[in-house]
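The residues making up each chain are set out below.
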Amino acid sequence: DKYDYCNITVTQAPLTFKGKGNKILDNVTVSAGVYAITMTHKGDGVFKIIGSDGDGRAYTYVDVRGDYTGTNLYAKGKSDGVENATISISATGEWTIKIKAITYNGTDNITGSGECVSPMFQGTNNKNTVQLKNSEDGDFTVFLFDQNGKQIGVLCDELDDYEGTVDATLDKNKYYFIVVKSQGEWQVDFDNNSKETKINEIKDRFKGLICV
């Protein structure tokens with residue numbers, strides 16, 4: 001005569017594509033949710049990916065030269081599902097693309113390198129002084145999104161080596177994630193003494209201009 005409650009989140013299995021050179025992927029479909037797109041390239045020339053969301057909008061996910069590994073937000077956080085989308089790849093070498101749901105398995109002390117999308121973490125209702133660090137030259141931008149894929153702020157938009165703070169208060173009944181644009185190692189810590197969440201630690205990944 002005892003009972004309890006739990007929430008179960010069911011997500012679509014990741015979509016993975018592999019190839020070499022130029023290619024157009026048709027009929028790309030994902031169910032409701034918020035997704036990240038991870039892209040890799042091994043080659044000396046152009047690597048450019050442009051995708052649609054099935055509703056006529058197009059997004060440039062990456063535009064570089066040379067080897068590349070990075071993660072971006074898929075379809076700008078469109079959360080009601082994507083049907084019959086396309087992904088156009090221009091490449092000189094081998095490439096992989098993975099589209100994976102962003103899930104609730106992270107903390108609000110996040111470290112990584114390069115272009116990344118964090119897992120979701122829960123708000124606390126505390127007014128926090130968010131600590132931000134970046135170790136390389138180039139752009140350092142940190143976007144904050146809610147669990148529905150809506151951008152709710154830009155925590156940082158700086159250049160080169162950077163260390164600074166910004167205030168933020170996040171609802172404890174909601175989940176959030178960050179999208180980071182960087183060419184080096186970085187940290188975003190919401191100062192709640194939480195365990196560190198490491199996204200990736202890949203160095204020397206960029207050989208060209210990033211236009212995302």
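The rules behind the values
Residues numbered from 1 in each chain as written. Predicted model: local features only at pLDDT ≥ 70, side-chain atom pairs only at ≥ 80, totals over all residues. Heavy atoms only, no water. Salt bridge = Lys/Arg side-chain N within 4 Å of Asp/Glu carboxyl O. Buried < 20%, exposed > 50% of the residue type's maximum accessible area, 1.4 Å probe, protein only. Helix = DSSP H or I, 4+ residues; strand = E, 2+ residues; numbered from the N terminus. Pairing = 2+ DSSP bridges. Axes fitted to C-alpha atoms, helices over the stretch in contact; angles between N-to-C directions. Contact = heavy atoms within 4.5 Å. Disulfide = S-S within 2.5 Å. Patch = residues over 30% accessible without salt bridge, like charges linked within 9 Å, V, L, I, M, F, W, Y side chains within 5 Å. Areas by Shrake-Rupley, 256 points an atom, 1.4 Å probe, with all protein chains shown as cover. Lys, Arg positive; Asp, Glu negative; His and termini not counted. Charge placed at Lys NZ, Arg CZ, Asp CG, Glu CD. Core = buried A, V, L, I, M, F, W, Y, C linked by side-chain atoms within 4.5 Å. pLDDT = per-residue confidence, 0-100. Phe/Tyr/Trp six-rings, centres within 6.5 Å; stacked < 30°, edge-to-face > 60°.

## Overview of the pattern of salt bridges
Step number 1: Applying the stated criterion to the full structure yields 4 salt bridges.
Step number 2: Taking the shortest distance from any N to any O, the salt bridge between Arg57 and Asp53 comes out at 2.7 Å.
Step number 3: Assessed through its relative accessible area of 42%, Arg57 is described here as partly exposed.
Step number 4: Here Asp53 falls in the buried class, since its relative accessible area comes to 1%.
Step number 5: Here Asp55 makes a salt bridge to Lys78, at a shortest N to O gap of 3.3 Å. In this pair, Asp55 is assigned in the loop between β4 (46-52) and β5 (58-65) and Lys78 in the loop between β6 (68-73) and β7 (82-91), connecting sequence segments 23 residues apart.
Step number 6: By relative accessible area, which is 48% here, Asp55 ends up partly exposed.

## A closer look at the sheet that holds β5
Step number 1: A sheet is described by the order of its strands in space; here 4 strands give the open sequence β2-β7-β4-β5, paired in antiparallel fashion. Lying at the two open borders of the sheet, with one neighbouring strand each, are β2 (23-30) and β5. With strand direction ignored, the average angle separating the axes of adjacent strands in the sheet is 15°.
Step number 2: Sheet topology note: the β2/β7 ladder contains 5 bridges and is antiparallel. In the strand pairing of β7, Leu25 is matched with Ile87.

## Description of the side chain of Asn128
Step number 1: You can see Asn128 is positioned in strand β12 (residues 127-134).
Step number 2: For Asn128, the residues in contact, after removing those within four places along its chain, are Val166, Asp167, Ala168, Phe190, Asp191 and Asn192.

## So, the state of the cysteines
Step number 1: For the structure shown, the criterion picks out 0 disulfides.
Step number 2: For the unlinked cysteine Cys156, the closest cysteine sulfur is that of Cys116, found at 15 Å.

## Considering a negative patch on the surface
Step number 1: Taken together, Glu136, Asp137, Asp139, Asp157, Glu158, Asp160 and Asp161 make up a surface patch of like negative charges.
Step number 2: Structurally, Asp137 is set in the loop between β12 and β13 (139-146).

## Notes on the nonpolar core
Step number 1: Counting 24 residues, the largest nonpolar core has Met39, Phe47, Ile49, Tyr74, Ile89, Ile97 and Ile99 as its most contacted members.
Step number 2: Going through the elements one at a time, β2, β3 (35-42), β4, β5, β7 and β8 (94-101) are the ones with two or more residues in this core.
Step number 3: Dropping the residues within four chain positions of it, Ile99 is found in contact with Pro14, Leu15, Phe17, Val28, Val30, Tyr35, Ala36, Ile37, Tyr74 and Ile87.
Step number 4: In this structure, Phe121, Cys156, Ala168 and Phe190 belong to the second largest nonpolar core, which totals 18 residues.

## Side note on the sheet that holds strand β18 (residues 196-198)
The pairing of strands in a sheet comes from backbone hydrogen bonds and takes either a parallel or an antiparallel form.
Step number 1: Taken in spatial order, the 5 strands make up an open sheet running β15-β12-β17-β9-β18, and their pairing is mixed. The sheet is open, and its two borders are formed by β15 (162-169) and β18, each paired with just one other strand. Across the sheet, the axes of successive neighbouring strands diverge by a mean angle of 15°, strand direction being ignored.
Step number 2: Relative to β15, β12 is paired through 8 bridges, and the arrangement is antiparallel. Along β15, the bridge assignment pairs Leu132 with Gly164.

## Considering the confidence of the model for the chain
Step number 1: Averaged over every residue, the pLDDT of the chain is 91; the share at 70 or more is 94%.
Step number 2: The low-confidence segment residues 202-212, where pLDDT is below 50, has 37 contacts with residues more than four positions distant or belonging to other chains.

## Section: the environment of Ile87
Step number 1: Relative to the helices and strands, Ile87 is located in strand β7.
Step number 2: As for Ile87 and Lys150, which are separated by 63 residues in sequence, their C-alpha atoms are 22 Å apart.
Step number 3: In contact with Ile87, other than residues within four places in its own chain, are Lys23, Ile24, Leu25, Val28, Ile49, Ile50, Gly51, Ile97 and Ile99.

## Some details on the packing of aromatic side chains
Step number 1: Evaluation of the coordinates by the stated rule reveals 8 aromatic pairs.
Step number 2: With centroids separated by 6.1 Å and ring planes inclined at 45°, the aromatic side chains of Phe47 and Tyr68 adopt a geometry described as tilted. Within this pair, whereas Phe47 is found in strand β4, its partner Tyr68 is found in strand β6, the two being separated by 21 residues in sequence. For the pair shown, Phe47 and Tyr68 are each scored as buried.
Step number 3: Considering the side-chain rings of Tyr104 and Tyr175, the 4.4 Å spacing of their centres and the 55° angle between planes classify their relative orientation as tilted.

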